[in-house]
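Structural overview for review
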Amino acid sequence: ARAADVAEAWAAADKEELLAEYDRAGLAICRRTFEPVTQRTTEFYCNPVHASMTNLPVEELLARIGSHELPLAFAELDYLCVVLDSAAAYFQPSNTQCIRWAWPGAEPMLVRRRFCSVYDQHGMAFQVYSYKEVLTPDDFDAHVAAEPYRSSCLARLRRALGDER
């Protein structure tokens, strides 16, 4: 399974079974459950692949998440682009982003992240699953080129700030 295949299978499948399948496939996975009104996190799960991408043991990663001491996973410019892209896609049930993953102390890499939201009976999101896979530079560029409007806006912003990737 690849991150691009996640959304198609997600809607009709058992979430726990899919988590196990994606674990076996080597995808980095996170699941955040929260109170819909307050957005307070009530549960967080990440698999060992995700933890290895951060260069932290699973226990330390979860402890840092719980104490709100997690560093940014990417450069400031990428963070700005992620915030703008996330705001534009806020009401969509899923969103895909290509970013440069650069955790302090970890090897930098190009990553595709896919987010899928789960909604309650009132139409409010209460859970978000994210899947990450490491991309080659060619795969990264191909994915960005496949979404010309959204990607071109972010690419223009990046170029205006001096980024040529």
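What you see as residue numbers is a count from 1 along each chain, following the sequence as written. The predicted origin of the model limits local features to residues at a pLDDT of at least 70 and limits the giving and counting of side-chain atom pairs to 80 or more, whereas totals for whole chains, interfaces and linings rest on all residues. With hydrogens and water stripped out, all remaining heavy atoms of the structure feed into the side-chain values.

Quick word on helix α5 (residues 76-88)
Between its first and last C-alpha atoms α5 spans 18 Å; for 13 residues at 1.5 Å apiece the expected length is 18 Å, and the two agree. For α5, every residue scored as buried is listed here: L77, D78, C81, V82 and D85. One side of α5 carries all its buried residues, which in axial view fall inside an arc of 135 degrees. Exposed side of α5, more than 90 degrees from the buried face: E76 and A87 are the residues found there. By definition, any uninterrupted DSSP run of H or I lasting at least four residues is a helix, any uninterrupted run of E lasting at least two residues is a strand, and each is numbered from the N terminus. Given a helix with a known number of residues, its expected span is that number minus one, times 1.5 Å. We call a residue buried when its accessible area falls under 20% of the maximum for its residue type, exposed when it is over 50%, and partly exposed in between, using a 1.4 Å probe and counting protein chains only. This arc describes the spread of directions from the helix axis toward the C-beta atoms.

Brief notes about the pattern of salt bridges
The salt bridge definition used is simple: a Lys or Arg side-chain nitrogen within 4 Å of an Asp or Glu carboxyl oxygen. This model, assessed by the stated rule, comprises 4 salt bridges. In this structure, E35 engages R40 in a salt bridge whose closest nitrogen and oxygen atoms are separated by 3.1 Å. The class of E35 is partly exposed, set by a relative accessible area of 29%. Salt-bridge contacts for R64 lead to E60; the nearest nitrogen and oxygen are separated by 3.0 Å.

Some details on the pairing of strand β1 (residues 28-34)
Along β1, 6 of the 7 residues are buried, which leaves the element largely enclosed by surrounding structure. As judged from the 6 bridges shared by β1 and strand β5 (residues 125-135), these two strands associate in the antiparallel manner. Considered in β5, the bridge of R31 is made with Y129. Relative to strand β2 (residues 41-46), β1 runs antiparallel, the two being bridged by 5 bridges. Each bridged residue has a counterpart across the sheet, and for R31 the counterpart in β2 is Y45. Any two strands are treated as partners once DSSP identifies two or more bridges connecting them.

Here's the deal with the nonpolar core
Throughout, nonpolar core names a set of buried Ala, Val, Leu, Ile, Met, Phe, Trp, Tyr and Cys residues whose side chains join them through atoms within 4.5 Å. M53, L61, I99, W101, W103 and V111 are the most contacted members of the largest nonpolar core, which has 16 residues in total. Counting only elements with at least two residues in this core, the list comes to β1, α3 (48-54), β3 (94-101) and β4 (109-119). The residues contacting W101, other than those within four sequence positions of it, are H50, M53, T54, A73, E107, P108, M109, V111, R113 and K132. Formed by 9 residues, the second largest nonpolar core is a distinct cluster that contains L18, I29, C116 and V118. The contact criterion used throughout is that any non-hydrogen atoms of two residues lie within 4.5 Å.

Let's talk about the environment of V58
Tracing the sequence through the fold places V58 in helix α4 (residues 58-66). The exposure class of V58 is partly exposed, given its relative accessible area of 22%. With 13 residues separating them in the primary sequence, V58 and Y45 have C-alpha atoms 9.4 Å apart. Beyond its immediate chain neighbours, meaning those up to four positions away, V58 contacts C46, P48 and A51.

Some words on the confidence of the model for the chain
Here the chain shows a mean pLDDT of 79. Residues at 70 or above account for 80%. Within the chain, the element-level pLDDT minimum falls on helix α1 (residues 3-10), averaging 49, and the maximum on β1, averaging 89. What pLDDT conveys is the predictor's confidence in a given residue, as a value from 0 to 100.

Some remarks on the sheet that holds β4
As summarised here, the arrangement of the 5 strands in space is β2-β1-β5-β4-β3, forming an open sheet in which the pairing is antiparallel. At either margin of the open sheet sits one strand with a lone partner, and together these are β2 and β3. Here the strands of the sheet are splayed against their neighbours by 15 degrees on average, with no regard to which way each runs. To get an axis, a line is fitted to the C-alpha atoms, and for a helix only the part in contact is used. The angle between two axes follows their N-to-C directions and goes from 0 to 180 degrees. Running over the sheet, α5 touches β3 and β4 and is turned about 175 degrees from β3.

Considering a nonpolar patch on the surface
Residues qualify for a patch when their relative accessible area is over 30% and they have no salt bridge, like charges being joined within 9 Å and the nonpolar side chains of Val, Leu, Ile, Met, Phe, Trp and Tyr within 5 Å. Every accessible area reported is derived by Shrake-Rupley at a probe size of 1.4 Å, with residue values counting cover from the shown protein chains alone. Side chains of L72, Y79 and V83 sit close together on the surface and give an oily, nonpolar patch of about 250 Å² of accessible area. The topology assignment puts L72 in the loop between α4 and α5.

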